[in-house]
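# A closer look at the structure
Below, each chain spelled out in residue letters.
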Amino acid sequence: MTADALLPHLTAHAASAAHPAPASCACGPTATVTLADRPDTTVVRHAGTVVKAHAPGTDPAELALRLVTAARLPGILLPPLTPAPTPVGGRLVTCWPYGTPVDPGTPEAAPWEAAATLLARLHRTPVESLRPAPPPMRGPAKAAHALARLRAAAPDHPATPQVLRAWTTLPAWARADAPLPGPGSLCHGDLHLGQLVRHPLPCGPWLLIDVDDLGTGVPAWDLARPAAWYACGLLPPEEWSRFLTAYRAAGGPAVPAAGDPWPALDVPARALTVQTAARAVAKAAGEGRALDEVEQAVVDACGRMGSLPQQFAQGPTT
């Protein structure tokens, strides 16, 4: 089922999830809002309930385990409203309470400290205490998917060789070609500021959302996106310092408590840079336009990685 065909089914499911007795719904026609509508994800809100259609091909058993894990960590992850995914229109659907997202219009108020503290708490969760155990974190698999899409969508783009060459500098585990190293920590798998909401409304504590990539793995992966942005010059040093300092203060295990964090962050930061560049080039090619300034910055970083594979994340000093 296409995303357009799925939307009416998801809208009806959102209303029924918000109001188990349909006659009790007096919200009006504007109560249902589409928050995201992409081929891989569709998200609809009705009143205080959010329903999400997960990507086609999502493993139902693994998604169920991720929901169980989120339900067991209510002070860190937004708990789901239902214990298991439901098939709707050929897709797996989950239900969540609505939370207030980060306002992209006020970057000076970005909750870097809250994000870092939540990550540290997540990473410190004893994995052996989680039964049933969560599946492996999907971060590397997501990066590999972005590279596959680049090869299919933009094989002749002039930036594609730089991105592919940088990809080859990564170890096999970071390319999803080998198991993740070690027993690992509980990881979010796709951390960025869009993955935080305040709940309960209107200004409760920040919580992490989106469990699609949640699982055990290398905790430095969760610091990799802001680390990559910083290394590429896209995140101001003061914001990176706020994030890293808060993570260390909360006892996060992904980096040493003091000293140079980059030996731990280098591989994940390079992987997230390549993933971001692959998505950017594929998107620009699909839209028939040139790369914008930010997109070009991550492609240029890939070019540096291809020539100096072990030096990418050593530049800026924290």
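In this text the structure is predicted, and so the values were computed from the model without any measurement.

Note: most peptide bonds trans; most residues except glycine with negative phi. Each neighbour pair has its own omega, and for Arg-131 with Pro-132 the value is 0 degrees, a cis peptide bond. Relative to the helices and strands, Pro-132 resides in the loop between α3 (112-124) and α4 (139-153). Following Leu-201, the chain continues into Pro-202 via a peptide bond in cis, with omega recorded as 0 degrees. You can see Pro-202 is positioned in the loop between β8 (196-198) and β9 (206-208). You will see that Ala-176, though not glycine, has its phi angle at about 65 degrees, which is positive. Mapped onto the fold, Ala-176 is located in the loop between α5 (160-168) and β7 (185-187). For Ala-176, a relative accessible area of 39% translates into the label partly exposed.

For the structure shown, the criterion picks out one cavity of 30 Å³ or more. Of the volumes computed, that of the largest cavity is approximately 30 Å³. As for the largest cavity, its lining consists of Arg-225, Ala-228, Trp-229, Cys-232, Leu-272, Thr-273, Thr-276 and Val-298. Of all the secondary structure elements, the ones that give two or more residues to the lining of the largest cavity are α6 (224-231) and α8 (262-287). The residue makeup of the lining of the largest cavity, split by class, is five nonpolar, two polar and one charged.

With that settled, the discussion passes to the nonpolar core. If you look at the biggest cluster of nonpolar residues, it comprises 83 residues, and the most contacted ones within it are Val-163, Leu-196, Leu-208 and Trp-240. Broken down by element, this core gets its largest block of residues, eleven residues, from α8. In contact with Leu-208, not counting residues within four places along its chain, are Ile-76, Leu-77, Leu-78, Leu-118, Leu-119, Leu-122, His-188, Leu-191, Gln-195 and Leu-196. Ranked by size, the runner-up nonpolar core spans nine residues in total, among them Leu-6, Leu-10, Ala-53 and Cys-95.

Turning to the sheet that holds strand β2 (residues 42-46), a few remarks are in order. As summarised here, the arrangement of the five strands in space is β1-β2-β3-β5-β4, forming an open sheet in which the pairing is antiparallel. The sheet terminates laterally at β1 (32-37) and β4 (86-88), the two strands that pair on one side only. Each adjacent strand pair in this sheet contributes to an overall mean axis angle of 30 degrees, direction not counted. Here β2 runs beside strand β3 (residues 49-53); their pairing, made up of five bridges, is antiparallel.

Taken together, three strands build an open sheet; the order of strands is β6-β8-β9 and the sheet is antiparallel. Edge positions in the sheet fall to β6 (100-101) and β9, since each has one partner strand and no second. Direction of pairing for β8 relative to β9: antiparallel, over a ladder of three bridges. Across the sheet, Arg-198 pairs through a bridge with Trp-206, a residue of β9. Packing against the sheet, α3 makes contact with β8 and β9, and its axis sits at approximately 50 degrees to β9.

Another point: the packing of aromatic side chains. Throughout the structure, instances matching the rule amount to six aromatic pairs. Taken together, the ring pairs connect Trp-112, Tyr-230, Trp-240, Phe-243 and Trp-262 into an aromatic cluster. Looking at Arg-45, its charged tip hangs above the ring of Tyr-98, at a distance of 3.6 Å from the centre.

Inspection of the secondary structure assignment puts Val-274 in helix α8. Separated by 31 residues in sequence, Val-274 and Met-305 have C-alpha atoms that sit 9.3 Å apart. Val-274 has contacts with Leu-147, Val-163, Ala-166, Trp-167, Cys-302 and Met-305, leaving out every residue within four places of it along the chain.

Pairing geometry for β1 and β2, over five bridges, is antiparallel. When the bridges of β2 are listed, Val-33 appears paired with Arg-45. What sits between the antiparallel neighbours β1 and β2 is a turn of four residues.

Take Asp-190: it is sitting in the loop between β7 and β8. For Asp-190, the contacting residues outside a window of four places in its chain are Lys-142, Gln-195, Asp-210, Asp-213, Asp-222 and Arg-225.

A word on the packing of α5 against α8. For the pair α5 and α8, the least separation of the axes is 10 Å and the interaxial angle reads 155 degrees. Taken as axis vectors, α5 and α8 run roughly antiparallel relative to one another. Relative to α8, α5 is oriented so that their crossing is left-handed. Only Val-274, Ala-277, Ala-278 and Val-281 of α8 make contact with α5, whose side of the interface consists of Thr-160, Val-163, Ala-166 and Trp-167. Here the contact of α5 with α8 is built from residues that sort into seven nonpolar, one polar and no charged.

Definitions and cut-offs
Residues numbered from 1 in each chain as written. Predicted model: local features only at pLDDT ≥ 70, side-chain atom pairs only at ≥ 80, totals over all residues. Heavy atoms only, no water. Helix = DSSP H or I, 4+ residues; strand = E, 2+ residues; numbered from the N terminus. Buried < 20%, exposed > 50% of the residue type's maximum accessible area, 1.4 Å probe, protein only. 1 Å grid on protein atoms, 1.4 Å probe; cavity = no way out; pocket = protein on both sides within 12 Å on 5 of 7 lines; lining within 4 Å. Points joined across faces, edges and corners; volume = space filled by probe spheres on them. Nonpolar A, V, L, I, M, F, W, Y, C, P; charged D, E, K, R; others polar. Core = buried A, V, L, I, M, F, W, Y, C linked by side-chain atoms within 4.5 Å. Contact = heavy atoms within 4.5 Å. Pairing = 2+ DSSP bridges. Axes fitted to C-alpha atoms, helices over the stretch in contact; angles between N-to-C directions. Phe/Tyr/Trp six-rings, centres within 6.5 Å; stacked < 30°, edge-to-face > 60°. Lys NZ or Arg CZ within 6 Å of the ring centre and 35° of its normal. Parallel < 35°, antiparallel > 145°, perpendicular 65-115°, else oblique. Left-handed = near helix turned anticlockwise from the far one by under 90°.

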